[in-house]
Amino acid sequence: MSEKTKLQSSRFDKAIAVFKLNGGILRTSQALQAGIHPSTLYTMRDVGTLEVVSRGVFRLADSEPLGNPDLVTVATRVPSGVICLISALAFHQITTQIPHEVHVALQRGAELPRLGHPPIKIYWFKEQAFTAGVDTHKLDGVDIRIYSLEKTLADCFKFRNKIGLDTAVEAVRFYRERRSVNVDALMRYAAICRVEKVMRPYLEAIL
């Protein structure tokens, strides 16, 4: 083995170790910050050691298949966003709706993400409504920010004109049937989203 080949192999091994420490997936900027040279990154891609998940997102090719590829891609490409509304309902398994786009919340004033795939639908939230109720779930080795169940229900009533009131009401029914109801949390998030008057009659009728 030539010295050049040995050097490349050593760089590959170090880069693979970095990827494994990060769940097997990294954005280009994260890889560079971790000390992986651009030429090493792209050579690993060219020889099949890495696969391209999305533009600027690489993953070890021998990793287990992604269980949530769309959420993982969005979380890595739009790290400031939070999975919301129908995508969050689907994650929490309290909807019959099938999201054809990943619903993502961004704080007002944030830069609009450029993402070819998967398709995303952006919702703009004010500061308190954006930061409240965010939970972090590790899926496929990646930290995914998703609104809690109760916060998602309040958001659904807030954006009922966009996703449909029937979707919000259905989610409350499923919530009552499948989960332990936390009325205090529901009303707290309803207050933050300013939908207490809208939600209360449905909660009283269903819960």
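Every value quoted in this text rests on a predicted model; they were computed, and no experiment measured them.

Draft legend 1. Fine view of the environment of Thr28. Mapped onto the elements, Thr28 comes out in helix H2 (residues 28-33). Between the alpha carbons of Thr28 and Val142 there is a distance of 15 Å; along the sequence they are 114 residues apart. If we skip the residues at most four places from it in the chain, Thr28 touches Leu41, Tyr42, Gly56 and Phe58.

Draft legend 2. Broad picture of the packing of aromatic side chains. Enumeration over the complete set of coordinates arrives at five aromatic pairs. Ring geometry for Phe157 against Tyr202: centres 5.7 Å apart, planes inclined by 40°, an arrangement best described as tilted. You can see Phe157 sitting in helix H7 (residues 149-158) and its partner Tyr202 sitting in helix H11 (residues 196-206), a full 45 residues away along the chain. On the basis of relative accessibility, which here comes to 29%, the residue Tyr202 falls in the partly exposed class. Taken together, the ring pairs connect Tyr123, Phe125, Tyr147 and Phe159 into an aromatic cluster. Here Lys151 stacks its cationic end above the ring of Tyr147, 3.9 Å away from the centre of that ring. It is Arg188 that lies over the ring of Tyr189; its NZ or CZ is 5.0 Å from the centre.

Draft legend 3. Region of interest: the nonpolar core. Phe125, Leu153 and Met199 are the most contacted members of the largest nonpolar core, which totals 37 residues. Of all the secondary-structure elements, those providing two or more residues to this core are helix H5 (85-92), strand S6 (120-125), helix H6 (127-131), H7, helix H9 (165-178), helix H10 (183-192) and H11. Judged by nonpolar contacts, the second largest core, of 18 residues, contains Val57, Val72, Ile83 and Val142.

Draft legend 4. Focus on H10. When we look at burial in H10, the residues that qualify are Ala185, Leu186, Met187, Tyr189, Ala190 and Ile192. In the stretch just after H10, Arg194 is the one whose phi turns positive, near 60°.

Draft legend 5. Up close: the side chain of Glu150. As for its position among the elements, Glu150 is in helix H7. One buried charge, Glu150, has no salt-bridge partner; the nearest side chain with opposite charge is Arg188, at 7.1 Å. For Glu150, the contacting residues outside a window of four places in its chain are Tyr175, Asn182, Ala185, Leu186 and Tyr189.

Draft legend 6. Up close: unusual backbone geometry. Phi angles above zero are rare outside glycine, and Leu85 is one such case at about 45°. For Leu85, the location among the structural elements is in helix H5. Even without glycine at this site, Gln93 takes up a positive phi of about 60°. Along the chain, the position of Gln93 falls in the loop between H5 and strand S5 (102-107). According to the relative accessible area criterion, Gln93 is exposed, its value standing at 56%.

Draft legend 7. Structural detail: the pattern of salt bridges. The final tally for this structure, using the stated rule, is five salt bridges. Note that Lys151 is salt-bridged to Asp155, the shortest N-O span being 2.9 Å. Taken together, the residues span about one helical turn, with Lys151 and Asp155 both in helix H7 at a distance of four residues.

Draft legend 8. Quick peek at the state of the cysteines. Applying the stated criterion to the full structure yields zero disulfides. Lacking any disulfide linkage, Cys193 is separated from the closest cysteine sulfur, that of Cys156, by 9.8 Å. Judged by relative accessible area, which is 2%, Cys193 ranks as buried.

Draft legend 9. Seen up close, the sheet that holds strand S3 (residues 57-60). With antiparallel pairing, the three strands of this open sheet are ordered in space as S1-S3-S2. Each having just a single partner strand, strand S1 (25-27) and strand S2 (50-54) make up the two edges of the open sheet. When strand polarity is set aside, the average angle formed by the axes of neighbouring strands in this sheet is 30°. Along the sheet, helix H3 (residues 38-46) makes contact with S2 and S3, crossing S2 at roughly 95°. Sheet strands touched by helix H4 (residues 69-77): S1, S2 and S3. Its angle to S1, the strand with the most contacts, is close to 35°.

Reading the values: the criteria
Residues numbered from 1 in each chain as written. Predicted model: local features only at pLDDT ≥ 70, side-chain atom pairs only at ≥ 80, totals over all residues. Heavy atoms only, no water. Helix = DSSP H or I, 4+ residues; strand = E, 2+ residues; numbered from the N terminus. Contact = heavy atoms within 4.5 Å. Phe/Tyr/Trp six-rings, centres within 6.5 Å; stacked < 30°, edge-to-face > 60°. Buried < 20%, exposed > 50% of the residue type's maximum accessible area, 1.4 Å probe, protein only. Lys NZ or Arg CZ within 6 Å of the ring centre and 35° of its normal. Core = buried A, V, L, I, M, F, W, Y, C linked by side-chain atoms within 4.5 Å. Lys, Arg positive; Asp, Glu negative; His and termini not counted. Salt bridge = Lys/Arg side-chain N within 4 Å of Asp/Glu carboxyl O. Disulfide = S-S within 2.5 Å. Pairing = 2+ DSSP bridges. Axes fitted to C-alpha atoms, helices over the stretch in contact; angles between N-to-C directions.

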